[in-house]
Amino acid sequence: ALWVVGFHFFTKALTGEKRRELSHLAVMYTTVGSMYAMTLIWLSLHAIIVEADTATMLSLIVYTIAGVCVYVVGLRRGVRELKAAAGLIVGFVVGHLLLVEVWDMALSGRIITFFSIGALLMSTAFIERRQRTHADIISHNP
């Protein structure tokens, strides 16, 4: 519901005269909705899956996929705030992985988690490089 309200305020901000106030409300509601969704994913996976390492690994992978998707949307639409939000999500995943989970997970869980998240993060580097190359071709074409 918070996401829906946030997107509603975002669309009103695009067409209304109170653009700044509405865009701040949109960011606030969307952020709170995203935090709630991330918490719900974490708790749901830990309730459904008995093995804590597997639930944590899946949660972190889902967060990374969400961060990469937000980054791609921000990159394609040229929205700096979305790229910053994606950086915060991925920063949280990497920080949590390095500071908390690396000590609690079994070796096999660590290997799978680091490999999966590393592959996802490397894919964003190729997406950004492809986007820049495409923009360079367009800008240099007479």
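Above this text you will find the structure in question.
Not measured: the values here are computed from a predicted model.

A. Representation of the packing of helix α3 (residues 52–77) against helix α4 (residues 80–104) within the structure. Axis separation between α3 and α4 bottoms out at 8 Å; the angle between their running directions is 160°. Our classification of the angle between α3 and α4 gives roughly antiparallel. Crossing handedness for the pair α3 and α4: left-handed. Contact residues: α3 offers D53, T56, L60, Y63, T64, G67, V70, Y71, V73, G74 and L75, while α4 offers L82, K83, A86, I89, V90, F92, V93, H96, L97, E101 and D104.

B. Quick peek at a nonpolar patch on the surface. On the surface, a cluster of nonpolar side chains totalling about 360 Å² of accessible area is made up of L98, L99, V100 and F114. Among the elements that make up the nonpolar patch, the one with the highest residue count is α4 (three residues). Looking at where V100 falls in the secondary structure, it is placed in helix α4. A relative accessible area of 33% places V100 in the partly exposed class.

C. Spatial organisation of the nonpolar core. Core analysis: the biggest nonpolar cluster contains nine residues, these being M57, L60, I61, Y63, I89, V93, L97, M105 and I117. Counting only elements with at least two residues in this core, the list comes to α3 and α4. Here the element with the most residues in this core is α3; it accounts for four residues. Here Y63 is in contact with M38, T39, I41, W42, I89, F92 and V93, once residues within four sequence places are set aside.

Definitions and cut-offs
Residues numbered from 1 in each chain as written. Predicted model: local features only at pLDDT ≥ 70, side-chain atom pairs only at ≥ 80, totals over all residues. Heavy atoms only, no water. Axes fitted to C-alpha atoms, helices over the stretch in contact; angles between N-to-C directions. Helix = DSSP H or I, 4+ residues; strand = E, 2+ residues; numbered from the N terminus. Parallel < 35°, antiparallel > 145°, perpendicular 65-115°, else oblique. Left-handed = near helix turned anticlockwise from the far one by under 90°. Contact = heavy atoms within 4.5 Å. Patch = residues over 30% accessible without salt bridge, like charges linked within 9 Å, V, L, I, M, F, W, Y side chains within 5 Å. Areas by Shrake-Rupley, 256 points an atom, 1.4 Å probe, with all protein chains shown as cover. Salt bridge = Lys/Arg side-chain N within 4 Å of Asp/Glu carboxyl O. Buried < 20%, exposed > 50% of the residue type's maximum accessible area, 1.4 Å probe, protein only. Core = buried A, V, L, I, M, F, W, Y, C linked by side-chain atoms within 4.5 Å.

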